[in-house]
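Working through the structure, step by step
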Amino acid sequence: TELNTELREEGLINEFTRHVQDLRIAGGFVPKDKIELHYSTTSDLSDSIYMWLVHIKMRNNVDKIIGAKYSNEFFKAQSEFEWEGKKIWLGIKKL
């Protein structure tokens, strides 16, 4: 069975959200802590993530999401995962 684009995007966002929640735990954040989320990935995945920004912010208590190249900034927690063979890097810090 072939997944349509909408289902694939939804799967990506669910996986993205799960990784952000794992980072919150790894960083010692509590649910009320507002965070700043940075991510880096391919342009096509970035487009999908952009379409779901409101959802991502609400599910993860994110105040600011920044899509950019990997940065040497200090992050409380960071990780990388793959989605359909494409890498996604995430970094979070407390606001």
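Just so you know, these numbers come straight off a predicted model, no measurement behind them. (Residues numbered from 1 in each chain as written. Predicted model: local features only at pLDDT ≥ 70, side-chain atom pairs only at ≥ 80, totals over all residues. Heavy atoms only, no water.)

**Things to note about the pairing of strand β1 (residues 35-40)**
Most of β1 sits inside the fold, with 6 of its 6 residues counted as buried. Here β1 shows a buried face lined by I35, L37 and Y39 and a second buried face lined by E36, H38 and S40. Pairing of β1 with strand β4 (residues 86-94), which is carried by 6 bridges, proceeds in the antiparallel orientation. Within the sheet, the bridge partner assigned to E36 lies in β4 and is K93. (Buried < 20%, exposed > 50% of the residue type's maximum accessible area, 1.4 Å probe, protein only. Helix = DSSP H or I, 4+ residues; strand = E, 2+ residues; numbered from the N terminus. Pairing = 2+ DSSP bridges.)

**What about the side chain of N60?**
Relative to the helices and strands, N60 is located in helix α3 (residues 53-60). For N60, a relative accessible area of 2% corresponds to the buried category. Within the structure, N60 has its side chain in polar contact with the backbone oxygen of I56 (distance 3.0 Å). (Polar contact = N/O pair within 3.5 Å; in protein donor to acceptor, adjacent residues only side chain to side chain.)

**Looking at the nonpolar core**
Of all hydrophobic cores here, the largest spans 21 residues; its most connected members are F16, L37, I49, I88 and L90. Ranked by residues supplied to this core, first place goes to helix α1 (residues 5-26) with 5 residues. Setting aside chain neighbours within four positions, we find I88 in contact with L12, F16, S40, T41, L45, S79, E80, F81 and W83. (Core = buried A, V, L, I, M, F, W, Y, C linked by side-chain atoms within 4.5 Å. Contact = heavy atoms within 4.5 Å.)

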